[in-house]
Amino acid sequence: MSSRPLPNPSCEPACPTALEQAYSPEQFRLQGHALVDQLADYLAQALAGKLDAVLPAHAPDDLAKDWQRDFQSPHPMSLPVLMAEVLAQSNHLHHPRYIGHQVSAPLPITALCEMAAALLNNGTAIYEMGPVSTAMERNVIRWMSDHVGYGPEADGFLTSGGSAGNLTALLAARQAMAGYDLWEAGQKPEEPFAILASAHIHYSLQRVVQVMGWGKDAVIAVPLDENFRLDASQLQPAYDKAVAAGRRVIAVVGNACSTATGSYDPLEAIGAFCKEKGLWFHVDGAHGASALLSEKYRPLLSGIEQADSVVWDPHKMMMMPALVTAVLFKDGRDSYKAFAQKASYLFQKPPEEEWFNLAHRTLECTKRMMSLKLYAALSLYGEGVFAEHVTRMYDLAKDFAGLLLAQPDFELAVMPESNIVCFRYAPEGFSGDLSALQAEIRQRILKDGSFYLVQTQLPQGVFLRVTLMNSFTTLSDLEALLETIRQSSRTVS
Ligand SMILES: *Cc1c(COP(=O)(O)O)cnc(C)c1O
């Protein structure tokens, strides 16, 4: 069935079909200009905090119903009308009172790059599919490796998120450590593997070991110190425990930093332990590796240069939109170990002779042109802008902690090392359930939309959790948050 041409007497006998019209460069030009104007107006409002709610409150089922369509014939809605609805109902990350999850308020230039990347669609599986993005990726990876402190033999690639990055790094670790070609032969059942990691590792790492078929117990949790950092003195006991359980430990994972409290594990000490025991050292720097760019906060990561592999998400603290994650290897040869696979329709040569066919090394086959936005922002603004952002956000978290410590009715969970702050409201004389109180306060704030923040479970109970991702958030926004919390708790008994 061919699509019906729209009536247009001037183009007889060969009117463009609906499909041909959908590719009209002139229409793209008009829609594009209008959209950029619409987004720029939105951005101005969001940055100024002039939106009704940070996260407009809609129940999932209601929203899904509102957006129900049959898609059988074109809807008479224009792109600006559609986009106005999308903008109105989205979570507003550029709003200075968005202080929730670890998602960036992207640099506007990246939105333009994403538009170009979508149109070009030069997916970086093999060089011929995306030559420019492959070249940009190579250089961005080099730049990141230098910041880690790696030497010239380091290498890596970009992938779709920290979770995929952790999987790829640990697949490489498994192959490198096995002592046999595990990729070809499969795991030997008589030798179950394990990793050691902080009790606060990201859930993706638990998932990774279970994807690899090692079972739930393959993550041996190393107890934390009082600052929620992996306690290095507990590495040996955890190792002994794994061995006693019949497991072969192949790797230790360090958090830099943890998701729950933003705590940095002692990377120097973990690195030394790995060296002594001959273990793979992986650093999950999805959120916190960006502090490498800040002169002031770089020492939090000292020891990272010893890691065999590092995951670093520019879409967390480098103001990039999702997704763009780097997986870096100290020894570039290890970057080929995750998938030691042949696919003759894509590749003609052994992987190591083709650095430029990146799909040898990535979970993805087709991959977005994810290097473009990062390369463009680094080129246009220089790395100083990124250093400034990290420093500002980490500083603000410390100022916020100071503010909290000065309030008799608030408790700080731990002095923040990064831009993640956990605290709770504990007014004097309150005799109810403190955890329930935090959850109730959060629900009330979400309903009124004045802030967007999240919560987390710590050993002492539920805490409110703030991540400062937006350089336009100020201490006075956070003072207002405390007042809002007090107000919203008024009627909770
Ligand atoms: C965010 C995060 C991840 C997951 O990364 P995604 O890009 O969301 O998949 C993994 N580890 C840590 C420590 C994180 O903060």
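In what follows, the structure referred to is the one given above.
Residues numbered from 1 in each chain as written. Predicted model: local features only at pLDDT ≥ 70, side-chain atom pairs only at ≥ 80, totals over all residues. Heavy atoms only, no water.

## Digging into the nonpolar core
So, point 1. L196, W312, F400, F423, L481 and I485 are the most contacted members of the largest nonpolar core, which totals 88 residues.
So, point 2. If you tally residues by element for this core, the top one is helix α14 (residues 384-405), at 10 residues.
So, point 3. For L196, the residues in contact, after removing those within four places along its chain, are I220, V222, L235, A238, Y239, V249, A251, V252, V253 and F273.
So, point 4. Grouped together as the second largest cluster of nonpolar side chains are 33 residues, A197, W214, A218 and A338 included. (Core = buried A, V, L, I, M, F, W, Y, C linked by side-chain atoms within 4.5 Å. Buried < 20%, exposed > 50% of the residue type's maximum accessible area, 1.4 Å probe, protein only. Helix = DSSP H or I, 4+ residues; strand = E, 2+ residues; numbered from the N terminus. Contact = heavy atoms within 4.5 Å.)

## Examining the packing of α14 against helix α16 (residues 475-489)
So, point 1. Where α14 meets α16, the axes come as close as 10 Å, and the angle between the chain directions of the two elements is 35°. The crossing of α14 and α16 is right-handed. For the pair formed by α14 and α16, the contact residues are L396, D399, F400, L403 and L404 on the first element and L475, L478, E479, L481 and L482 on the second.
So, point 2. Here the contact of α14 with α16 is composed, by residue class, of 8 nonpolar, no polar and 2 charged. (Axes fitted to C-alpha atoms, helices over the stretch in contact; angles between N-to-C directions. Left-handed = near helix turned anticlockwise from the far one by under 90°. Nonpolar A, V, L, I, M, F, W, Y, C, P; charged D, E, K, R; others polar.)

## Observations regarding the site of the ligand
So, point 1. Around the ligand sit 14 residues in total, of which G162, S163, D284, D313 and K316 are the nearest.
So, point 2. Taking G162, its main chain carries an N or O atom lying 2.7 Å from an oxygen atom of the ligand.
So, point 3. Take S163: an N or O atom from its side chain is 2.8 Å from an oxygen atom of the ligand.
So, point 4. Here the ligand, which alone exposes 380 Å², has 86% of that area covered by the protein.
So, point 5. For the shell around the ligand, the elements supplying multiple residues, two or more each, are α7 (162-178) and α12 (314-317).
So, point 6. Among the elements that make up the shell around the ligand, the one with the highest residue count is α7 (3 residues). (Near = heavy atom within 4 Å. Polar contact = N/O pair within 3.5 Å; in protein donor to acceptor, adjacent residues only side chain to side chain. Areas by Shrake-Rupley, 256 points an atom, 1.4 Å probe, with all protein chains shown as cover.)

## Regarding the side chain of N419
So, point 1. Following the sequence through the fold, N419 ends up in the loop between β8 (410-412) and β9 (420-425).
So, point 2. Within polar-contact distance, the side chain of N419 engages the side chain of H287 at 2.7 Å.
So, point 3. Polar contacts involving the side chain of N419 include one to the main-chain carbonyl oxygen of L468, which spans 2.9 Å.

## Structural notes on the side chain of T456
So, point 1. Tracing the chain through its elements places T456 in strand β10 (residues 454-458).
So, point 2. For T456, a relative accessible area of 15% translates into the label buried.

## Looking at the sheet that holds strand β5 (residues 280-285)
So, point 1. Ordered in space as β1-β7-β6-β5-β4-β2-β3, the 7 strands form an open sheet in which the pairing is mixed. Bordering the open sheet on either side are β1 (155-159) and β3 (219-222), each of which pairs with just one other strand. When the angles between neighbouring strand axes are averaged without regard to direction, this sheet yields 20°.
So, point 2. Pairing of β5 with strand β6 (residues 309-312), which is carried by 4 bridges, proceeds in the parallel orientation. In the sheet register, V283 faces β6, and the bridge partner there is V310.
So, point 3. Along the sheet face, helix α10 (residues 235-244) touches β2 (193-198), β3 and β4 (248-255) and points at about 155° away from the line of β3. (Pairing = 2+ DSSP bridges.)

## Section: a nonpolar patch on the surface
So, point 1. Among the surface-exposed residues, F28, V36, L112, M115 and L119 lie close enough to one another that they form a single nonpolar patch of about 470 Å² accessible area.
So, point 2. Counting only elements with at least two residues in the nonpolar patch, the list comes to α2 (25-47) and α5 (108-120).
So, point 3. Mapped onto the elements, M115 comes out in helix α5. (Patch = residues over 30% accessible without salt bridge, like charges linked within 9 Å, V, L, I, M, F, W, Y side chains within 5 Å. Salt bridge = Lys/Arg side-chain N within 4 Å of Asp/Glu carboxyl O.)

## What to know about the sheet that holds β9
So, point 1. Read from one edge of the open sheet, 4 strands run β8-β9-β11-β10, paired in antiparallel fashion. A strand with exactly one partner marks an edge of an open sheet, and here the two such strands are β8 and β10. Taking the axes of each pair of neighbouring strands and ignoring which way they run, one obtains an average angle of 40° across the sheet.
So, point 2. Alignment of β9 against strand β11 (residues 461-467), held across 4 bridges, turns out to be antiparallel. Counterpart to V421 in the pairing with β11 is V466.
So, point 3. Sitting on the sheet, helix α15 (residues 434-448) is in contact with β9, β10 and β11, with an inclination near 110° to β9.

## A closer look at empty space enclosed by the protein
So, point 1. Tallied over the entire structure, the rule returns 1 cavity of 30 Å³ or more.
So, point 2. Quantified by volume, the largest cavity comes out at close to 40 Å³.
So, point 3. Ranked by residues supplied to the lining of the largest cavity, first place goes to helix α6 (residues 131-148) with 4 residues.
So, point 4. Here the residues of the lining of the largest cavity sort into 3 nonpolar, 2 polar and 4 charged. (1 Å grid on protein atoms, 1.4 Å probe; cavity = no way out; pocket = protein on both sides within 12 Å on 5 of 7 lines; lining within 4 Å. Points joined across faces, edges and corners; volume = space filled by probe spheres on them.)

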